[in-house]
Amino acid sequence: MHNPEFTNFGTSPQADRTLLDGGLSMAWTAAELALDPAHRTSLLTRLAAR
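Everything numeric here is computed off the predicted structure, so don't read it as measured data.

The rules behind these values
- Residues numbered from 1 in each chain as written.
- Predicted model: local features only at pLDDT ≥ 70, side-chain atom pairs only at ≥ 80, totals over all residues.
- Heavy atoms only, no water.
- Helix = DSSP H or I, 4+ residues; strand = E, 2+ residues; numbered from the N terminus.
- Rg over C-alpha atoms; globule rule 2.2 N^0.38 Å.
- Buried < 20%, exposed > 50% of the residue type's maximum accessible area, 1.4 Å probe, protein only.
- Areas by Shrake-Rupley, 256 points an atom, 1.4 Å probe, with all protein chains shown as cover.
- pLDDT = per-residue confidence, 0-100.
- Salt bridge = Lys/Arg side-chain N within 4 Å of Asp/Glu carboxyl O.
- Expected span 1.5 Å × (residues − 1).
- Polar contact = N/O pair within 3.5 Å; in protein donor to acceptor, adjacent residues only side chain to side chain.
- Axes fitted to C-alpha atoms, helices over the stretch in contact; angles between N-to-C directions.
- Parallel < 35°, antiparallel > 145°, perpendicular 65-115°, else oblique.
- Contact = heavy atoms within 4.5 Å.
- Nonpolar A, V, L, I, M, F, W, Y, C, P; charged D, E, K, R; others polar.

Q: For the overall build of the chain, give the residues involved together with the corresponding values.
A: Broken down by element type, the chain carries three helices and zero strands. Counted from the first residue to the last, the chain has its helices and strands arranged as α-α-α. Radius of gyration (C-alpha) of the chain: 17 Å, far over the 10 Å computed for a compact globule of 50 residues. The buried share of the chain, taken over its 50 residues, is 4%. Within the structure as shown, the chain displays about 4600 Å² of accessible surface, and the carbon and sulfur contribution to it stands at 64%.

Below, the structure written as C-alpha cells:
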C-alpha cells in the first residue's frame, strides 16, 4: 500500500463495503446492457470487430 493512512483505509470495513458496492454497480450495468437489444447488438458488433 502507498502509506499508512491508505493501508488503514484499505483494510477497513468501509473499504470492503466500497468494493462490494462497486462490484454490484458493475453487475447491474452489465445486466442492463445485456438486456437492452440495441445496446446488446452494439456491444456484440464491436466485440466481433476486434
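Additional details are given in the paragraphs that follow.
Q: Provide a residue-level description of the confidence of the model for the chain, including the pertinent values.
A: Looking at the chain as a whole, the pLDDT averages 92, with 98% of positions reaching at least 70. Within the chain, helix α2 (residues 13-35) carries the highest mean pLDDT (95), whereas helix α1 (residues 4-10) carries the lowest (85).

Q: Let's hear about the pattern of salt bridges: which residues, and what values?
A: Per the counting criterion, the structure on display carries one salt bridge. In this structure, aspartate 21 and arginine 17 form a salt bridge, with 3.0 Å as the shortest nitrogen-oxygen distance. Of this pair, aspartate 21 and arginine 17 both sit in helix α2, four residues apart, roughly one helical turn. On the accessibility criterion, arginine 17 (53% relative accessible area) is exposed.

Q: A description of the environment of leucine 43 should follow, citing residues and the corresponding values.
A: In this fold, leucine 43 is placed in helix α3 (residues 37-48). Distance from leucine 43 to leucine 33, taken between C-alpha atoms, is 8.4 Å for residues 10 residues apart in sequence.

Q: Could you give an account of α3, with specific residues and numbers?
A: Because an α-helix completes one turn every 3.6 residues, residues spaced three or four positions apart along the sequence face the same direction. For α3, spanning 12 residues, the distance from its first C-alpha to its last is 16 Å, which sits close to the expected 16 Å at 1.5 Å a residue. The opening residue of α3, the one whose side-chain oxygen lies 3.1 Å from the backbone nitrogen of alanine 38, is aspartate 36.

Q: I'd like a rundown of the packing of α2 against α3, residues and numbers included.
A: Direction vectors running N to C along α2 and α3 enclose 95°, while the axes themselves pass 5 Å from each other. Compared by their axis directions, α2 and α3 come out roughly perpendicular. Judged by residue contacts, Leu33, Ala34 and Leu35 of α2 engage Pro37, His39, Arg40 and Leu43 from α3. Its residues placed into classes, the contact of α2 with α3 shows five nonpolar, one polar and one charged.

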